[in-house]
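An overview of the molecular structure
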Amino acid sequence: MSLTISQVRKSFPGPGGGIGQEVLRGVDLTVEAGEFVSFIGHSGCGKSTLLNIVGGLTSATSGTVEVDGVRVSGPGPDRAMVFQNYSLLPRLSLLDNVRHAARAARPQRKAALNDEIVERYLGAVGLWEHRHKKPAAVSGGMQQRTAVARAFAVSPRILLLDEPFGALDALTRARLQLQLIDLWQDESETETVLMVTHGIDEAIILADRIVVMGNPPGPSVTDIIPVNLSRPRDRAAIVDEPAYRLVQERLMALLTAEAADAA
Amino acid sequence: MTVLETESPPADSRKPGRRPTDADGPVVAPAPSSALGRRMRALASSGAWALVGVAVVVALWSMVAVFSPHLPTPLEALASLSGMLRYPFYDAGPNDKGVGLLLLLSLQRVFVGFALAAAVGVPLGFLIGTSPRAWKAANPVMQILRPVSPLAWFPIGLVALSSSPNAAVFVIFITALWPIVVNTAAGASSVPRDHRNVARVFQFGRMAYVRHVLVPHTLPEIVTGLRLSMGIAWMVIVAAEMLASGATGIGSFVWESYNTADLAGVTAAIVLIGFVGVALDSAFLRIGRRVALEEVTV
């Protein structure tokens with residue numbers, strides 16, 4: 001499986017219906033099967049817009065996104081998303097949130113199989129005993145774990161994550177990052193992960209490649225940095241590795257330069 | 001203008017440690033500082049102030065009654081009220097019924113008109129709230145019809161249904177329709193982007209979207225619309241029954257009382273209508289609280 005983004009441009013109508021700022025200015029990227037790619041950049045750089053285009057929620061003004069040579073024209077079960085603000089349906093239990101979404105995305109799947117898959121992923125994120133609770137009755141971390149389980153339960157080939165852990169405290173975030181890697185590597189058929197983040201450390205710990213994005217009028221993709229660190233990555237030990245330092249310094253330099261330009 | 005520093009607000013005179021004076025009222029045993037105790041005290045305080053409010057109104061009323069002898073005094077009204085409540089459900093022919101029976105007749109009309117309005121208004125509201133075209137088509141019509149007093153529809157109801165009690169029900173239907181349609185439409189059109197994105201990413205079918213996203217989100221606003229329209233319907237039924245000869249109810253009772261120069265009966269009826277209105281409203285408030293999104297935890 002491969003994902004090909006070619007010459008994707010996106011502009012939103014400006015005030016008064018005129019042509020507004022071009023958010024994405026010709027993005028080219030190829031992601032191979034089994035890759036974890038992070039997108040990092042300041043707000044307004046279009047990283048979430050790019051993710052939404054891959055997810056089929058937004059259409060590009062021009063350019064194409066292809067999964068295995070098939071052009072993306074809308075949402076599909078080969079791609080599942082986890083949103084920044086959990087986005088669970090408030091009147092459904094955690095179980096029903098996962099079950100109904102998986103059932104809707106995979107209508108051909110038998111109900112018994114669906115229930116089995118739902119149980120597996122809710123169990124994998126440690127929420128099976130809380131399955132009958134409503135989202136408002138559990139913590140933000142538990143809500144986001146439910147959203148992660150919901151995405152995996154669709155059995156997507158590509159997982160799209162839009163700043164999934166941004167609203168969580170550092171400890172919960174670290175735990176969820178580990179869980180995510182486990183699910184991706186060992187527990188699922190999901191091959192590829194695209195993740196929008198604003199955390200430098202998060203990007204390095206999780207990703208194989210980091211796409212650095214910039215604000216207008218410069219190019220959308222400022223740089224693509226490979227992270228040559230072996231997995232599994234130990235959060236404590238990894239910080240001392242030279243490769244980690246190198247990537248971190250490069251990201252810092254790129255992002256602060258961008259911030260200085262903006263100011 | 002300068003404010004005198006020495007003038008402290010009255011609340012300050014209740015500082016702890018101040019010696020109680022006669023003005024503080026009877027000394028109550030120190031209430032337990034539990035949540036229950038605090039609630040009891042808050043309740044007692046609201047009750048006391050409510051009595052003050054009633055006392056002020058009764059005093060003003062008594063004064064006005066002194067100067068205009070045609071008006072009943074509060075005592076006369078009270079006597080009339082207790083007389084009415086002695087046999088609330090007696091039935092001595094179409095024009096002589098107990099006040100409880102009259103209220104039930106009016107309530108029955110309100111509920112029938114209200115139920116019809118809900119049956120039409122909720123689906124219509126969903127349609128208008130979810131389809132921009134339906135919204136564009138319906139909005140101008142609604143804007144023009146909404147400010148019209150529902151009583152203006154009475155003659156049309158009378159001709160169409162050829163029965164004045166049914167025309168009163170028709171007036172209630174019109175009354176209740178607009179708030180239900182408008183609130184349902186507002187709720188249905190404001191489904192959060194997050195929820196819509198979830199429905200799109202996971203490719204919810206039409207039925208799943210309606211069942212799991214649209215209706216659950218709109219529910220609180222539907223209840224708000226129902227509550228508003230019930231409130232207005234209860235106000236309008238009195239006027240409708242005054243207009244509709246043959247529609248025996250609390251409205252016709254008010255008018256009859258006026259025609260027989262029984263203003264004490266009118267004032268007593270006003271009080272009763274008010275209490276029924278409060279009961280209706282609090283019932284809907286309770287339903288509203290139960291379906292509020294913030295309450296969805298268990």
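Remember, it's a predicted structure, so these values are computed and weren't measured experimentally. (Residues numbered from 1 in each chain as written. Chains lettered and ligands numbered in written order. Predicted model: local features only at pLDDT ≥ 70, side-chain atom pairs only at ≥ 80, totals over all residues.)

1. Topic: the sheet that holds strand S7 (residues 158–162) of chain A
All names here are of chain A.
- The strand order across the open sheet built from six strands is S6-S7-S8-S3-S9-S10, with neighbouring strands paired in mixed fashion. Each edge of the open sheet carries a strand with a single partner, namely strand S6 (79–82) and strand S10 (221–226). Direction aside, neighbouring strands of the sheet carry axes that sit 15 degrees apart on average.
- With five bridges connecting them, strand S9 (residues 209–213) and S10 associate as antiparallel partners. What sits directly across from Met213, in S10, is Val221. (Pairing = 2+ DSSP bridges. Helix = DSSP H or I, 4+ residues; strand = E, 2+ residues; numbered from the N terminus. Axes fitted to C-alpha atoms, helices over the stretch in contact; angles between N-to-C directions.)

2. Notes on unusual backbone geometry
- Of note, the amide linkage connecting Pro216(A) to Pro217(A) takes the cis form, showing an omega dihedral of 5 degrees.
- Looking at the element boundaries, Pro217(A) is found in the loop between S9 and S10.
- Even without a glycine there, the phi angle at Ser155(A) is positive, about 55 degrees.
- Topologically, Ser155(A) is positioned in the loop between helix H4 (140–153) and S7.
- A residue is classified by how many C-beta atoms lie within 10 Å of it, and Ser155(A), with 18 of them, is partly exposed.
- Within the chain, Ala261(B) stands out as a residue other than glycine whose phi angle is a positive 55 degrees.
- Mapped onto the elements of the fold, Ala261(B) is located in the loop between helix H9 (250–259) and helix H10 (263–291).
- In this structure Ala261(B) comes out as exposed when scored by C-beta crowding, with 10 C-beta atoms within 10 Å. (Buried ≥ 20, exposed ≤ 12 C-beta atoms within 10 Å, placed from the backbone.)

3. Regarding the interface of chain B and chain A
- If you look at the interface, chain B gives 18 residues, while chain A gives 20 residues.
- At the level of elements, helix H7 (193–201) and helix H8 (206–243) of chain B are the ones that each hand at least two residues to the side of chain B that touches chain A.
- For the side of chain B that touches chain A, the element with the highest residue contribution is H7(B), accounting for six residues.
- Considering only residue class, the side of chain B that touches chain A consists of ten nonpolar, six polar and two charged. (Contact = placed C-beta atoms within 7 Å. Nonpolar A, V, L, I, M, F, W, Y, C, P; charged D, E, K, R; others polar.)

Treat this as a map of the structure, not an account of what it does.
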